[in-house]
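# Notes for the structure review
Read off the chains here:
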Amino acid sequence: MRQPLVAGNWKMNGSVGSVRELLAGIKAGIGAIDKCEVAVCPPYIFIPQAQTELAGTPIPWGGQNLSTETSGAFTGEVAASMLLDFGCTYVIVGHSERRTLYGEDDALVAKKFAVAQAAGLKPILCVGETLDEREKGVTEEVVARQLDAVIKLEGIKALADGVIAYEPVWAIGTGKTATPEQAQEVHAFIRGRIKTRDAGVAEKLRIQYGGSMKPDNAAELMAKPDIDGGLIGGASLKAKDFLGICKAANDSV
Ligand code: PEP
């Protein structure tokens, strides 16, 4: 049985005050969530605050991105060791906003996955197709290519302790959620593709769904056999909504 993981991707949102309020709200409700892992990924600048405010709670935190470099003249970048220094457990790699707005390609994302894992962070690898790709019927091809870039660089065992987030790009921040059937189809494809290489890894691997997940659509998504939690954008910025999704994941176990 896989433990679901619900992670909040705060993107570039927040202030010292709003982060304090959001974390206090999540902490107040986390006691009722005992079967699902709950994590938050604040902007880099708020990670020390998250570390202080989440100390002693079961809530891990992580980065939204990292550099492939370890140190040096890379203005604006943050290294894996720095995330670890501030207690991060997770780091998101290959989010579609990084891929489309900052030109991160499969090879760079695979490198980030490798660097994160080598440093001791757990990478959350985002994969997913655009609307155009879905309409052209190449969803599986795109997801396979994004996945294979990591497998080619790191080997199948690298996924054993990793997390994959299937995030159809057309569903991110648009209010259009994939139907549970659409999501399950791709999740099953991902697990099946990994299973052909290593059944043990496939069985253990957590595959989150991401894309306009809300408290009122979370339960039907989480009920699908290959959906193991969610990567949550907009709804992770309100404690009540985020906890509603966490509860749906918790109840799905
Ligand atoms: C995301 O950014 O990973 C995401 C899923 O965003 P949203 O929930 O807002 O669609």
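It should be noted that the structure appears before, not after, this text.
A quick note: this is a predicted structure, and the numbers were derived from the prediction, not measured. Position labels on residues start from 1 in each chain and follow its written sequence. Side-chain atom pairs in this predicted model are given and counted only at pLDDT of 80 or more, local residue features only at pLDDT of at least 70, and totals for whole chains, interfaces and linings cover all residues. Only hydrogens and water are set aside; all other atoms, that is, all heavy atoms of the structure, feed into the side-chain values.

### Structural notes on unusual backbone geometry
Cut-off, in case you're wondering: We count a stretch as a helix when DSSP gives it H or I for four or more residues in a row; a strand needs E for two or more, and each element gets its number in order from the N terminus.
One non-glycine residue, Lys-11, lies in the positive phi region at around 55°. Residue placement: Lys-11 occurs in the loop between β1 (5–9) and α1 (16–29). You will see that Ser-212, though not glycine, has its phi angle at about 55°, which is positive. Checked against the element boundaries, Ser-212 lands in the loop between β7 (206–209) and α10 (215–222).

### Some details on the site of the ligand
Using the following cut-off: We call a residue near a molecule or strand when any one of its heavy atoms sits within 4 Å of it. Pairs of N or O atoms are called polar contacts if they sit within 3.5 Å, as long as, within protein, a hydrogen donor faces a hydrogen acceptor (for residues adjacent in sequence, only side-chain-to-side-chain pairs). Each accessible area is a Shrake-Rupley result for a 1.4 Å probe, and residues are judged covered by the shown protein chains and nothing else. Residues are grouped as follows: Ala, Val, Leu, Ile, Met, Phe, Trp, Tyr, Cys and Pro are nonpolar; Asp, Glu, Lys and Arg are charged; all remaining types, including Gly, are polar.
Neighbouring the ligand are 14 residues; Lys-11, His-95, Glu-167, Gly-173 and Ser-212 lie closest to it. Side-chain polar atom of His-95 to an oxygen atom of the ligand: 2.8 Å apart, as the coordinates give it. Measuring from an oxygen atom of the ligand, one finds a side-chain N or O atom of Glu-167 at 2.6 Å. Surface burial for the ligand is 96%, taken as the share of its 290 Å² of free accessible area covered by protein chains. Classifying every residue of the shell around the ligand gives four nonpolar, eight polar and two charged.

### Considering the environment of Ser-15
By the element assignment, Ser-15 lies in the loop between β1 and α1. Linking Ser-15 and Asn-217, residues 202 residues apart in sequence, is a C-alpha distance of 28 Å.

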